[in-house]
Amino acid sequence: MASANAGGAPSAALPPAPKPRKSVTGTRKGMAVLFLAPALVLLGALVLYPIGYSVFRSFFDKSGDFTAFGNYKTLFTDDTILTAIKNNAIWVVVAPTLSTGLGLIFAVLTERIRWGTAFKLVIFMPMAISMLAAGIIFRLVYESDPDRGVANAIAVTAHDTFAESSAFPQAHPSTESPLKSASGGAFITRKPVSAGTPVMLPLTGVAPDSMPDDAKSAAAAKPDPDKVTGTAWQDFTRGKGRGEMNAPDKAEFGYPGIKVEAVKNGKVVASAEAAADGTFALPKEADGAQLRFPASNFREPYNGVDWLGPSLITPAVIGSYLWIWVGFAMVLIAAGLASVPRELLEAARVDGANEWQVFRRITVPILAPVLAVVTVTLMINVLKIFDLIFIIAPNSSKDDANVLALQLYNSAFLDEDSGVASAIAVLLFLLVIPVMLFNVRRLRREARR
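In every chain, residue numbers begin from 1 and rise along the written sequence. For a predicted model such as this one, the threshold for reporting local features is a pLDDT of at least 70, and the threshold for listing and counting side-chain atom pairs is 80 or more; totals across whole chains, interfaces and linings nevertheless cover every residue. To obtain the side-chain values, all non-hydrogen atoms of the structure were included, while hydrogens and water were left out.

> Just give me the short version of the packing of aromatic side chains, but keep the residues and values in it.
By convention here, two paired aromatic rings are described through the distance between centres and the angle between planes. Aromatic rings from Phe, Tyr and Trp, taking only the six-membered ring of Trp, are treated as a pair when their centres fall within 6.5 Å; an angle between ring planes under 30 degrees marks them as stacked, one over 60 as edge-to-face, and anything in between as tilted. Tallied over the full model, the rule gives 23 aromatic pairs. Ring centres of Phe-138 and Trp-323 lie 5.2 Å apart, and the angle between their planes is 65°; on these two criteria the pair is classed as edge-to-face. Placement of Phe-138 in helix α5 (residues 131-141) and of Trp-323 in helix α7 (residues 313-338) is noted, with a sequence separation of 185 residues between them. Categorising residues by exposure relies on relative accessible area from a 1.4 Å probe, with only protein chains included: less than 20% of the type maximum marks a residue as buried, more than 50% marks it as exposed, and the intermediate range marks it as partly exposed. On the basis of relative accessibility, which here comes to 33%, the residue Trp-323 falls in the partly exposed class. Ring geometry for Tyr-142 versus Trp-307: centroids 5.9 Å apart, planes at 35°, classification tilted. Pair noted here: Tyr-142 is in the loop between α5 and α6 (150-162) and Trp-307 is in the loop between β8 (290-293) and α7, with a separation of 165 residues, a long-range link. Given a relative accessible area of 9%, Tyr-142 falls into the buried group. Strands here are runs of E lasting at least two residues and helices are runs of H or I lasting at least four, both read from the DSSP assignment and numbered beginning at the N terminus.

> Could you give an account of the pattern of salt bridges, naming the residues involved and the relevant values?
By definition here, a salt bridge exists when the distance from a side-chain nitrogen of Lys or Arg to a carboxyl oxygen of Asp or Glu is within 4 Å. Using the criterion set out here, one finds six salt bridges in the structure. The salt bridge partner of Glu-111 is Arg-342, with a shortest N-O separation of 3.1 Å. Taken together, the residues Glu-111 in the loop between α3 (79-109) and α4 (116-124) and Arg-342 in helix α8 (residues 342-350) connect sequence positions 231 residues apart. With relative accessibility at 35%, the residue Arg-342 sits in the partly exposed group. One salt bridge connects Arg-349 with Glu-355, and the closest N-O pair in it is separated by 2.8 Å. By relative accessible area, Arg-349 is classed as partly exposed at 25%. Judged by its relative accessible area of 37%, Glu-355 falls in the partly exposed class. Within the structure, one salt-bridge network assembled from shared partners comprises Arg-112, Glu-346, Arg-349 and Glu-355.

> Lay out the packing of α3 against α7 in plain terms, naming residues and giving numbers.
Axis lines are fitted to C-alpha atoms, over the contacting stretch for helices. Their N-to-C directions set the angle, which ranges from 0 to 180 degrees. Two elements in contact, α3 and α7, have axes separated by 6 Å at closest approach and are oriented at 45°. By the angle between their axes, α3 is oblique relative to α7. Along this stretch, α3 crosses α7, giving a crossing that reads as right-handed. All residues other than Ala, Val, Leu, Ile, Met, Phe, Trp, Tyr, Cys, Pro, Asp, Glu, Lys and Arg, Gly among them, are scored as polar; the first ten of these are nonpolar and the last four charged. Here the residues of the contact of α3 with α7 sort into 21 nonpolar, five polar and no charged. Put simply, angles under 35 degrees are roughly parallel, angles over 145 are roughly antiparallel, angles from 65 to 115 are roughly perpendicular, and the rest are oblique. Crossing handedness: left-handed means the near helix sits turned counterclockwise from the far one by under a right angle, and right-handed means the same turn made clockwise.

> How would you summarise the sheet that holds strand β7 (residues 279-282) if you had to cite specific residues and measurements?
Pairing in this open sheet of three strands is mixed, and the strands run β3-β4-β7 from one edge to the other. Of all strands in the sheet, those with a lone pairing partner are β3 (199-203) and β7, marking the two edges. The average angle at which neighbouring strand axes cross in this sheet is 25°, direction not considered. Here four bridges tie strand β4 (residues 228-234) to β7, and the two strands are oriented antiparallel to one another. Paired with Gly-230 across the bridge in β7 is Phe-280. Between any two strands, pairing holds if DSSP finds at least two bridges.

Following this line, the structure appears as structure tokens:
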């Protein structure tokens, strides 16, 4: 029954208080955590835990005893690891810079040619090849034998175009020869020669299989009263009955193309080249001179460059890296170049700017954010470079090509020193952090624009 109020009128019952609703924001946060939980577990298990354990393990030595910062001291006192740090510094400076620079050049140039798309495809194609396969390819490219290595085949061809190698690098006179050694690797007659008397210039030391293809059986030169004639030949016969010493035999070959000089008082007064049978003839000015085989006759053949040697191994591996990653840089830069306002470029040309000024003062500044992305990405990439060096560098020069990632592998699996390996891993992590912070700040600046 309703109670009466002061005026005698009945009063209505109050409605029950509404139940509090669940917070929408809290529900959304719960759902977010639920969906992120698997990723967070994987992140912790595969990233955070290894990082933490590596830091922890870096304070213990190979046998598991606590050594504080002993492993970090080793990083900067061990010669092998110092070489790896130095090479990493070279990689970080050179490889990203060259890759970005070449990518920029290719991106700009391909805009001006009809077959630019095909060119980009060819340059980008190495990105489809694994680093392992690329390493095997360039191990063959840098092969020292010019018959197998492409790089040395090109180098030898270019060298021999301007300075042909000798066909007789191992030739030398025998002990009973009328020739003697002269300065600079040359050979000269012991006595002066005279016109009308044929001169015998025997040599040995060239394998029969290495004689030039155009060599013919040696022949004795005919006397000529107005000339100095003679024969230069291989004074060696295989088997029994080797023939007469210092005289050409039928089984012996002449030295075709070998150069003979007549020297008087230290000056060359005449010169000639031997025919296929080894015979040669000098003018009468050679009368009374000594005959000399110049050292150029015995020049060692040029076998190319030792690309995989200690001095060139790091530049050689960087070259293989460029072959792979220049295409990556070119594609990203070309995408940025497509967004450059053409009206701005045309306005600059109308104002009298040449192509170099347009490129340097307009194109490059506009592409600066893209160039920064490419450079930073490649810097992080080269800090972890491992595959190419592991495959390309031979054992004789692996220490000279060493980098931190390779040294980490060697310390962990070859030396079985997990303490030093963990210290190297922490060092690599610390080296990557500044680059990543730079990238994060740049992205935030871009987002605020």
